Amino acid sequence: MLRPLLFLFAVADASLYLEIDNNTPIDTSDCPITYYGQEYTTVYVRNRNFINQKYLLICFNGYYNPEGNGDCIRVPNTENKTAIALNNNNNPASWTSLTDFVHSSVSTVTNNVTCYLHFYFKSVSVLVQSSSLFSQTKQLSDQTLFCFGVKPGDTRQIPNTCTFLTCSSTRIPSMKTCGSPGRCDGTCLCTVTGPTVIDFKRQMNSVSDRCEYSLLHDQSTGFSLKANFLERRRRDVSFVDSLTLDFSDSEDIQLLQGHRVTVTGSPVTVNSSVQTFSGVDLSKDQTGVTASFSVNGSSVSVFFDGTTAQIYMADPVNFTYDGLCVDSNNVSSLRLSSDTSCQFKYPDPADNTINCSAVAQQCDVLKSAPFSSCNSKVDPQPYINACNETLCKYPDVDGLRCQFIQAYAKACEKSQVNLQSWMTEPVCGDRICNSHEFCGEINYNGGCRCREIFAFVYRQSNLLGGPTVCKDNNASLSLVGCLLNEKSIDYTLLHLNDKNCTGVMDPDSHMVTFGFNGDSCGTKVTETSNQIIYKNGIMTSNGSSEVITRQDEIYIEFSCINKKPEMQTVVFRIQGSTVVQYIKSEVWNYSVTMKAFTDGSRTQVLTPDSEVKLNQRIWVELETDGLNGDLVSVVTDSCWATDNQMSNSTPKYDLIMDGCANPDDQTVYVGGNGEGTSNYFSFNMFRFSRSTGEVYLHCKLQLCAKKNNCVPACSRGVRRRRSAKYRDEAPAFLSMGWSH
C-alpha cells in the first residue's frame, strides 16, 4: 500500500549521518518506526519513475513492488543521492519545540517526540518517524497527511530552523531555506559580487548579461530588491552596478556607484548618521552604503559599496520570497528587463594572459589563516568558486581579487568573526562616474574609465572622440573624458592653435569640447573652387617647462570636413644597452659601466629592441670595477641630458647637480651616491620639445677618499655637498643615448 505521508524538516545535529545509494536497506533499530500500528527496524530505499517523474520510495517491509502490499512513503526526487540522519538525543528538552509544533498542527497526536529519522536531498527533505508519534495518525486522511501540519496554501517555519514549508493548493509540499541542512544561525545571507550571486543556500551562479534581475521579492507585500548588471573592461563579463529597493506602493530607493543614493529619482545626502526615508534607515561609512528596513515582519539589511552587494535577513518570520538570493539556479527566469538588447552576447576574445591555475591558488587563500577561523561559520567554497569563475575570464585589475576576499570577510563579520583588517577602503570611494564610465584603477589611483561597449568604436579606430560638429562657419569637437583619463592625458593642458582657447568639460557626461567661430582661436581658413574650409587643431601645451615634456604629443586636426582625430605617441629605443669606460689615473686603474633598466630592482636591462614610452620610469646604474671599496667611494657628481651626442650642447636638461637630484624635477631619485663603488639614479623618460627626438644622457663621476664623508647632503630645494678631502684628478665621463 503506497501512502503519500510526508513531513518536511531541516536537519539538526544528527547522531548518525549516512549517504545512501539506490536499493539500500538501512538499520533503524536505534529509532524503530511505528507505522500504522506496526513497528519496523529496517527501511528500504529505492528511486523509481512514475509517469515521467522520479520519486524516492521509502518502504518498511521490503523494496517497493507495484504488485505487492508494502507500506511505503513516496516523495518527488530530482537527485540520485539521498542521505539519512538519525537523531536520538536523550535530552527531552531538545524535543520540546518539535513536539509542540506537531501537537499544535495535528490535535489527534498526543505522544512526545523522542527520536526521528530524516531523509533529505537537494530538492526536499522528509521526516519519516518520530518515536511512536505516528501511531495516532491513522484516523487522519491521506490527503491531510500529504502536507502534514500545514494547510493547503499556507507557509510555516519549522521550529529552530531557517526552513519554511509551503503547501500548495494541490497539496504539493515545497521547502525554502536560508542555508544548508543543519546549519542556521538565524540570519539569511546573500552576496552579489562581480557577476556572481551566492544565494541563501550557499549556491553560486553567475549573471552573463547586462540586464536587471530580481534578487529578493516578497510575494505577500510586493517588495522587490533589484540589481542591475553592466560591463566594465570586457563586453562579455558583467558586474553588479546598482540596486533598487522597490516598495511597490511607496518611494523607490536606489543605491548607486560612488556611494550615491536617490529617493524617487532625487539624490539625497547620506552620512554616518542614520537618516530615515519612507521607513528605510540609510547610513554611509568609508566602505559603502547600508539600507535597513522591515519586510513582512523580517529585518532586512542591504549593503552596497559599488562592487559588492550583501543582503542580510535576520530571523525571518514568514518566508514568502523568491529571487536570485533565494535560488540562484533560476537566473533566466528572474530577469526583469523587457528590453532584450541587454541579453546580446559580445564575442570578445579570451584573455590569454590569464593563468587559471594561478588564479585557483590565489582564490584558495580563503581556506588559509586568518580566513580559516571563519570557515566553520561561513562556507568559503562559494566565494572561492565565484573568485575562480570570474578571474579565469576577467583580468585581476581594479582590486577585483580583493573584492571577493572582502566580501567573505564582511560575511564573516555578520557571524561574529572579526576580519576587519581585510575590510579596506575602496579605491574609488565617493568618486562619481557617469553612465558610460565605471571607477577603476588609473596609475594606481581611482579614476573614471570607459565601459567597453561605449568605448569599443573609439578604440577600434584609435580615436579619442568626435565626430566634428559643423554649423555655418562654426566647428566643435568633443573628446571622451574617460579615454583621456585612461591615457593619463590632462585635458587642461590641451588647447587649440591659440593657447587661450581651451576645452570645457561637461560635468555630467565628462565630454571635453573644443570649438571655434570663424577665424577665431587661430583657425586657418582656406578656399578651393567649391568650398571654404575652416581648420584648427587640438594640441598639447608644453606646460611650465619649455625644455622637456612627459606627456604624449597630441595633435588632433578638425574642420568642417569631419577629418578624424589622431593621436601621436612617442616611443624611444636605446642606442646601446651598456656603456663601459676604462679610467687610468696616478692612483687607480678601473672601469665604469653604465646600464639602463626598466625595473626598480635593476634586473630588466634595456636593449636596442626595448621600447620606452614618455613618462616611463627608467633606472640607470653606474658600477665600477677595480676599486678598493675600503679606501674610496664613487660619487656621481652630475648627470644631464642633451638632444645630441655633444655633452656641452644646448638645449641641456639637468638630472643630477652637485651629487643631488634636480630639485625642480620631482621624478629624479639618486640612490647610494658616495656610499660605495657603485650607485644609481632614476627618472621618468622625456623628450626635448621642438627637437630631433633624440635624448643623450651624460654623467660625471668622482672618486672620494673613504676616510671622509663622501655622501652628498641633499634635500629638495637645496644642493650642497660636504667638501671631499680627496678629489679625483681624472673624473669619469659616460654618455648613453635614446632615439625614436
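Residues numbered from 1 in each chain as written. Predicted model: local features only at pLDDT ≥ 70, side-chain atom pairs only at ≥ 80, totals over all residues. Heavy atoms only, no water.

Per an unreviewed UniProt entry, the chain goes by the name ZP domain-containing protein and belongs to Oryzias melastigma.

Colleague: Explain the overall build of the chain to me, and be specific about the residues and the numbers.
Modeller: If you tally the helices and strands in the chain, you get 7 helices and 55 strands. Classification of the 740 residues of the chain by burial places 49% in the buried group. A separation threshold of at least 6 residues defines the contact pool for the chain, and within that pool the share at least 24 residues apart is 60%. Summed over its atoms, the accessible surface of the chain is roughly 34000 Å², and 45% of this surface lies on carbon and sulfur atoms. (Helix = DSSP H or I, 4+ residues; strand = E, 2+ residues; numbered from the N terminus. Buried < 20%, exposed > 50% of the residue type's maximum accessible area, 1.4 Å probe, protein only. Contact = heavy atoms within 4.5 Å. Areas by Shrake-Rupley, 256 points an atom, 1.4 Å probe, with all protein chains shown as cover.)

Colleague: Give a detailed account of the environment of Lys652, specifying residues and quantitative values.
Modeller: With respect to the helices and strands, Lys652 occurs in strand 47 (residues 652-657). A relative accessible area of 43% places Lys652 in the partly exposed class. Taking C-alpha positions, Lys652 is 9.8 Å from Tyr696, a pair spaced 44 residues apart along the chain.

Colleague: Please give an account of the side chain of Gln310 that cites residues and values.
Modeller: Its place among the elements puts Gln310 in strand 28 (residues 308-314). Owing to a relative accessible area of 0%, Gln310 belongs among the buried residues under this scheme. Not counting residues up to four positions away in its chain, the partners in contact with Gln310 are Cys190, Thr191, Ser301, Val302, Phe303, Tyr383, Ala407, Lys410 and Ala411.

Colleague: Quick one: what's the story with the nonpolar core, residue by residue and with numbers?
Modeller: The nonpolar side chains of a soluble globular protein tend to be buried, and buried together. By size, the foremost hydrophobic cluster in this structure holds 42 residues, and its most contacted members are Leu243, Leu245, Leu255 and Ile311. If one sorts the elements of this core by residue count, strand 26 (residues 289-295) sits on top with 4 residues. The contact partners of Leu255, leaving out residues within four places of it in the chain, are Ser242, Leu243, Leu245, Arg260, Val261, Leu282, Val289, Val302 and Phe304. Grouped together as the second largest cluster of nonpolar side chains are 36 residues, Ala641, Val668, Val670 and Phe686 included. (Core = buried A, V, L, I, M, F, W, Y, C linked by side-chain atoms within 4.5 Å.)

Colleague: So what about the sheet that holds strand 20 (residues 238-246)? Which residues, and what values?
Modeller: The 7 strands are arranged 23-22-21-20-19-18-29 in an open sheet whose pairing can be described as antiparallel. A strand with exactly one partner marks an edge of an open sheet, and here the two such strands are strand 23 (266-268) and strand 29 (321-322). (Pairing = 2+ DSSP bridges.)

Colleague: Explain the side chain of Lys226 to me, using residue names and the numbers behind them.
Modeller: Tracing the backbone through its elements, the reader meets Lys226 in strand 19 (residues 224-231). One polar contact links Lys226 to Asp246, side chain to side chain, over a distance of 3.0 Å. Setting aside anything within four residues of it in sequence, one finds Lys226 in contact with Glu212, Tyr213, Leu215, Ser242, Leu243, Thr244, Asp246 and Leu336. (Polar contact = N/O pair within 3.5 Å; in protein donor to acceptor, adjacent residues only side chain to side chain.)

Colleague: Now, about the pairing of strand 30 (residues 437-442): what can you tell me, with residues and values included?
Modeller: Among the 6 residues of strand 30, 5 are classified as buried, and the element is accordingly described as predominantly covered. The sheet contact formed by strand 30 and strand 31 (residues 445-450) spans 6 bridges and is antiparallel. Within the sheet, the bridge partner assigned to Glu437 lies in strand 31 and is Cys450. What sits between the antiparallel neighbours strand 30 and strand 31 is a turn of 2 residues, in which Asn443 has the positive phi angle 50°.

Colleague: Please provide a residue-by-residue account of helix 6 (residues 452-460), values included.
Modeller: Burial in helix 6 covers these residues: Glu452, Ala455 and Tyr458. The arc that holds the buried residues of helix 6, viewed along the axis, is 120°, so those residues lie on one side. Exposed residues on helix 6 whose side chains face more than 90 degrees from its buried face are Val457 and Gln460. Buried positions along helix 6 lie against strand 19, strand 31, strand 33 (474-480) and helix 7 (481-486). Positioned one or two residues after helix 6, Asn462 has a phi angle of 55°, which is positive. (Arc of directions from axis to C-beta.)

Colleague: An account of the packing of helix 3 (residues 356-363) against helix 4 (residues 381-391) is needed here, citing residue identities and associated values.
Modeller: Two numbers describe how helix 3 lies on helix 4: the axes approach to 9 Å, and their chain directions differ by 150°. With respect to helix 4, the axis of helix 3 lies roughly antiparallel. In this structure, helix 3 meets helix 4 at a crossing whose hand is right-handed. Residues Val359, Ala360 and Cys363 of helix 3 touch helix 4, and the partners they reach there are Ile384, Cys387, Asn388 and Leu391. (Axes fitted to C-alpha atoms, helices over the stretch in contact; angles between N-to-C directions. Parallel < 35°, antiparallel > 145°, perpendicular 65-115°, else oblique. Left-handed = near helix turned anticlockwise from the far one by under 90°.)

Colleague: Got a sec to walk through the sheet that holds strand 25 (residues 280-284)? Specific residues and values, please.
Modeller: Within a sheet, each strand pairs with its neighbour through backbone hydrogen bonds, oriented either parallel or antiparallel. The strand order across the open sheet built from 8 strands is 17-16-15-28-27-26-25-24, with neighbouring strands paired in antiparallel fashion. The sheet is open, and its two borders are formed by strand 17 (204-206) and strand 24 (275-277), each paired with just one other strand. Taking each pair of neighbouring strands and ignoring which way they run, the sheet shows an average axis angle of 20°. Taken strand by strand, helix 5 (residues 400-414) contacts strand 15 (187-193), strand 16 (196-198), strand 27 (298-304) and strand 28, and its axis lies near 15° from that of strand 28.

Colleague: Kindly report on helix 5, identifying the contributing residues and their values.
Modeller: Here helix 5 contains 15 residues, and its C-alpha end-to-end distance of 22 Å stays within 8% of the 21 Å for a straight helix at 1.5 Å per residue. By the burial criterion, the buried members of helix 5 are Leu400, Gln403, Phe404, Ile405, Gln406, Ala407, Tyr408, Ala409, Lys410, Ala411 and Cys412. The elements touched by buried residues of helix 5 are strand 15, strand 16, strand 20, strand 27, strand 28 and helix 4. Within two residues after helix 5, Gln416 carries a phi angle of roughly 65°, on the positive side. (Expected span 1.5 Å × (residues − 1).)

Colleague: Quick rundown of the packing of aromatic side chains? Include the residues and the values.
Modeller: With the rule as written, the count across this model stands at 15 aromatic pairs. Between Phe516 and Phe558, the aromatic rings sit 5.5 Å apart at their centres with planes inclined by 45°, giving tilted as the arrangement. Linking Phe516 in strand 36 (residues 511-517) with Phe558 in strand 40 (residues 555-559), this pair joins segments that are 42 residues apart in sequence. This pair shows no difference in class: Phe516 is buried, exactly as Phe558 is. Here Phe683 and Phe686 contribute two aromatic rings whose centre-to-centre distance is 6.0 Å and whose plane-to-plane angle is 50°, an arrangement assigned as tilted. The exposure class assigned to Phe686 is buried, which follows from its relative accessible area of 1%. (Phe/Tyr/Trp six-rings, centres within 6.5 Å; stacked < 30°, edge-to-face > 60°.)

Colleague: Give a detailed account of the state of the cysteines, specifying residues and quantitative values.
Modeller: Following the criterion strictly, the structure yields 11 disulfides and no others. Bridging Cys356 to Cys392, the disulfide has an S-S length of 1.7 Å. Measuring handedness by torsion sign, the sulfur bridge of Cys356 and Cys392 sits at about 110° and is right-handed. Separated by 36 residues along the polypeptide, Cys356 in helix 3 and Cys392 in the loop between helix 4 and helix 5 bring together distant segments of the chain. (Disulfide = S-S within 2.5 Å.)

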